[in-house]
Amino acid sequence: MKNPLLQNFNTPHTTAPFSKIKNEHFKPAFEEAIQKAKAEIDEITSNSEAPSFKNTIEPLDFSGYTLDRVSSIFFNLNSAETNDEIQKIAQEVSPLLSEFSNDIRLNEKLFERIKSVYDARKNLDLTVEQATLLDKKYKSFARNGANLDDTSKNKLREIDMKLSKRSLQFGENVLAETNAFEMHLTDENQLKGLPDGAKEAAKMAAKEKDLEGWLITLDYPSYVPFMTYADDRNLRKKLAIAFGARAFKNNKFDNQKVVLDIVNLRHKRANLLGYKTHAHFVLEERMAETPEKVLSFSNDLLEKAKPAAEKEFKQLSDFAKKDGIEQLQKWDGAYYSEKLKKQNFDLDQEALKPYFKLENVIDGAFTVANKLFGLQFKEVDTIDKYHKDVKTYEVTNTNGDFIAVFYADFFPRKGKRNGAWMTSYKSQWKKDSENSRPHISIVCNFTKPTDTKPSLLTFNEVTTLFHEFGHALHGMLADTVYPSLSGTSVYWDFVELPSQLLENWCYEKEALDLFAKHYETNEPIPMDLVQKIKDSSNFLEGMQTMRQLSFGLLDMQWHGADPTNIKNVKEFENQAFTDTQLYPDVAENCMSTAFSHIFQGGYSSGYYSYKWAEVLDADAFEFFKETGIFNKETATLLLENVLSKGGTDKPMDLYKRFRGAAPSNKALLKRAGLVEKQ
Ligand SMILES: [Zn+2]
């Protein structure tokens, strides 16, 4: 019997053949697909004709198609419906996949052909999309050192090896330091203020270690509730200092030297490749483009947010003073914020849930997509699925043309990882006269229905659904030629625009009236409740903004200049925090030694993206508010210039064509209540 994973599927008539796939199909499918992809590359490099866009770049982008399909089915299942066997296969195929991608990356013949097309690019009369593709392919080699001579190539390899060791070590140290601390409490009074759930978890944690009483650790699910709710200030202080001192204790898990090594290695690597700094290297492939632009973006926001932050800090300090707190400290922030928020808003999340029955919210998202883009979603049961809970839809446009297959997998179960995400089983592309449509999926972990109650979502789940649905629209509405530029294949400081933008509809009466109805009485949601959510989500927004900016600025300081002369991590960090500091410094604490986002994960020179994406979505939604949140023309501008275009052009140019101007932070400042509303 043929391996079902190796069968082609396309359009609604054939989709991923989940029910036919058995675990034993995966490895042979990977092996065969890798062979096929290799053969496709060989065909390009052995072509006797002179390299051209048509015989090199284009076939390269369409190569590995089967491998992509097998990979996306496999890795999506590993996230949404995994088991021990699948995880074992993942361990086995990962080395095969990295070997294959290394083979391509180091394929000199292939690079020579790409480079020859790239060098002639000015005379090739390429479309914008083709030029973007060529640039992307060329840089994927050049940024990995393909242009270097052998000595430099060896140097680069050495740096890369050291870097991956250091990053690994960084993470291991943080983990060891996180696990090394625990706070064992034996008097229930010490847990006063904690919600029952957090208390129970602490009790369980103690039990697991055969201890009486309660155990608080530095893991977020334990640490955060304790800092937010525990009345005992001394214990909060003890916990906060332990948290802030991770990998900063001059013991064997200390990360100070590791941090300095990492930033210096990154800097050397960037220099070797011809970039001024690591940040210049990273930002070349971002909407923000340069460290200078990130800095002016951050400083501009900081200037606006700082007065609000200082005012809020004073309010919070005054509030805490009534409790006898003379100087508000880091370990007081979350605690008094929560108390003040409760006093100001007294928001009961439970009261909202009856208005958000899952089925109604999905219909709401579909209706919004219909009003904006003319999309129709029809649930069909003929599409093969990997679990009975998955819902499947056929998506068409106003002309009845087929647009996409849409999968939605809403409820938690064993074998599904936490969180919510959008993904795809098949990307969109065009070849000859065919526009091959995408197969898109969203996966979530929402409140399940019970015997007596349907699935009723929290407001947070509602915005999550709209968020992932926004990513899904980006995928479904894709209309590009080349698969690697399609849909959500955009720079990562641009990828959250469609998703965060769509969340805005959840706060608008005109949109909520369409779907937010009480599941028993059909009564529409009271707008004063929605207003409360809006107001409370902006609570202490100035301080929040300043905190985010402080992390982003620290990241840029580490990576945006020559770090050779930095000797003292803590001193350097304090310098970087000068403009954003609200709380008194804690001498025994250091942020950088546990800043895993930028020293272990892939966020270096990218922390600014969180605020960047907010500025974009607020500015884009402002356009809808100016013209009407269901204005067809505005929606069409978004569709034609952003949603359908994927990564075919520079994001700033795409954005300007949609908005008529570069993004401004005015709308965000207004939405966040950081400037007076006009
Ligand atoms: Zn997202």
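Calculation rules
- Counting starts from 1 at the beginning of each chain's written sequence and moves along it residue by residue.
- Only residues with pLDDT of at least 70 are given local features in this predicted model, and only at 80 or more are side-chain atom pairs given and counted; all residues enter the totals for whole chains, interfaces and linings.
- Neither water nor hydrogens contribute to the side-chain values; these are computed over all heavy atoms in the structure.
- Two strands are counted as paired when DSSP detects at least two bridges linking them.
- Helix and strand definitions follow DSSP, with helices as H or I runs of at least four residues and strands as E runs of at least two, each counted in order from the N terminus.
- Helix axes use the C-alpha atoms of the stretch in contact, all axes being lines fitted to C-alpha atoms, and the angles between their N-to-C directions lie in the range 0 to 180 degrees.
- Contacts are residue-level and defined by heavy atoms, with any inter-residue pair within 4.5 Å sufficient.
- Only rings of Phe, Tyr and Trp enter the pairing, Trp through its six-membered ring, and a pair is recorded when the two centres are within 6.5 Å. The plane angle decides the type: under 30 degrees is stacked, over 60 is edge-to-face, the rest tilted.
- Only protein chains enter the accessibility calculation, which uses a 1.4 Å probe; a residue whose area is less than 20% of its type maximum is buried, one above 50% is exposed, and one in between is partly exposed.
- Lysine and arginine charges are scored as sitting over a ring when NZ or CZ, respectively, is within 6 Å of the ring centre and within 35 degrees of the ring normal.
- Whether a set of points on the 1 Å grid over the protein atoms alone is a cavity depends on a 1.4 Å probe fitting there but being unable to get out, while an open set qualifies as a pocket with protein on both sides within 12 Å along at least five of seven lines; lining residues are those with an atom within 4 Å of a point.
- Grid points are joined across faces, edges and corners, and a volume is the space filled by probe spheres set on the points.
- Salt bridges are defined as contacts in which a side-chain nitrogen from Lys or Arg sits within 4 Å of a carboxyl oxygen from Asp or Glu.
- To define a nonpolar core, start from buried Ala, Val, Leu, Ile, Met, Phe, Trp, Tyr and Cys residues and group those joined through side-chain atoms within 4.5 Å.
- The rule for donors is simple: an N, O or S atom within 2.8 Å of the metal counts, and for Na, K and Ca the reach is 3.2 Å. Water is not among the atoms, so a site may look short of donors.

**What about the sheet that holds strand β9 (residues 439–443)?**
Inference 1: Taken together, the 5 strands give an open sheet; going across it, the order is β3-β4-β5-β9-β6, and neighbouring strands pair in mixed fashion. In this open sheet, the two strands that pair with only one neighbour each are β3 (376–379) and β6 (421–426). Taking each pair of neighbouring strands and ignoring which way they run, the sheet shows an average axis angle of 25 degrees.
Inference 2: Two strands pair when backbone bridges link them, and β6 and β9 are joined in this way by 5 bridges, in the antiparallel orientation. Considered in β9, the bridge of Ser-424 is made with Ile-440.
Inference 3: Of the strands in this sheet, β3, β4 (391–396) and β5 (402–409) are in contact with helix α16 (residues 358–373), which crosses β3 at around 145 degrees.
Inference 4: Helix α17 (residues 459–476) rests against β3, β4, β5, β6 and β9 of the sheet, and its axis sits at about 170 degrees to β9.

**Thoughts on the packing of aromatic side chains**
Inference 1: Within this structure, the stated rule accounts for 49 aromatic pairs.
Inference 2: With a centroid separation of 3.6 Å and 5 degrees between ring planes, the pair formed by Tyr-118 and Tyr-138 is classed as stacked. In this pair, Tyr-118 sits in helix α5 (residues 108–119) while Tyr-138 sits in helix α6 (residues 128–142), placing the two residues 20 residues apart along the sequence. Summarising the burial analysis for this pair, Tyr-118 and Tyr-138 share the class buried.
Inference 3: Centre to centre, the rings of Phe-459 and Tyr-507 are 5.3 Å apart; their planes meet at 70 degrees, and the pair counts as edge-to-face. Note that Phe-459 is positioned in helix α17 and Tyr-507 in the loop between α18 (497–503) and α19 (509–515), a separation of 48 residues in sequence. Like Tyr-507, Phe-459 is buried.
Inference 4: Within the aromatic cluster, the residues linked to one another by ring pairs are Trp-492, Phe-551, Phe-595, Tyr-603, Tyr-607 and Tyr-610.
Inference 5: For Lys-371, the ring lying beneath its charged end belongs to Phe-630, and the centroid distance is 5.2 Å.
Inference 6: The ring of Phe-62 is capped by Lys-431, whose NZ or CZ atom sits 4.6 Å from the centre of that ring.

**A word on the environment of Pro-584**
Inference 1: Summarising the element assignment, Pro-584 is placed in the loop between α22 (569–577) and α23 (596–599).
Inference 2: Look at Pro-584 and you get partly exposed, because its relative accessible area is 27%.
Inference 3: Expressed as a C-alpha distance, the spacing of Pro-584 and Lys-238, which sit 346 residues apart in the sequence, is 16 Å.
Inference 4: The residues contacting Pro-584, other than those within four sequence positions of it, are Gln-327, Leu-328, Gln-329 and Lys-330.

**With respect to the layout of surface pockets**
Inference 1: Counted as a void, the second largest pocket has a volume near 1,200 Å³.
Inference 2: Around the second largest pocket, the lining comprises 44 residues; the ones closest to its centre are Asp-61, Asp-68, Lys-137, Pro-483 and Ser-484.
Inference 3: Only α1 (23–45), α2 (53–62), α3 (65–80), α4 (84–105), α6 and β6 provide two or more residues apiece to the lining of the second largest pocket.
Inference 4: With 7 residues, the top contributor of residues to the lining of the second largest pocket is α3.

**Overview of the pattern of salt bridges**
Inference 1: On inspection of all chains with the given rule, the structure shows 38 salt bridges.
Inference 2: Put simply, Asp-479 and Lys-430 hold a salt bridge, and the shortest N to O gap is 3.2 Å. Of this pair, Asp-479 sits in the loop between α17 and α18 while Lys-430 sits in strand β7 (residues 429–431), placing them 49 residues apart in sequence.
Inference 3: With a closest N to O distance of 3.0 Å, Asp-513 and Lys-509 form a salt bridge.

**Quick notes on the nonpolar core**
Inference 1: Ranked by size, the top nonpolar core spans 107 residues in total, and within it Phe-356, Phe-406 and Trp-505 carry the most contacts.
Inference 2: When residues in this core are grouped by element, the largest group, 11 residues, is from helix α13 (residues 291–321).
Inference 3: Beyond its immediate stretch of four places on either side in the chain, Phe-356 contacts Val-361, Ser-455, Leu-456, Leu-457, Phe-459, Val-462, Leu-512, Phe-515, Ala-516 and Ile-525.
Inference 4: Within the second largest apolar cluster, 33 residues are counted, among which are Ala-37, Ala-90, Val-390 and Tyr-425.

**Quick look at the coordination of the zinc ion**
Inference 1: Within the protein, His-467 (NE2), His-471 (NE2), Glu-496 (OE) and Glu-496 (OE) serve as the donor atoms for the zinc ion, at 2.1 to 2.7 Å.
Inference 2: Counting gaps between the donor residues of the zinc ion yields the pattern H-x3-H-x24-E. Of this pair, His-467 and His-471 both sit in helix α17, 4 residues apart, roughly one helical turn. Assigned by exposure class, His-467 and His-471 land together as buried.

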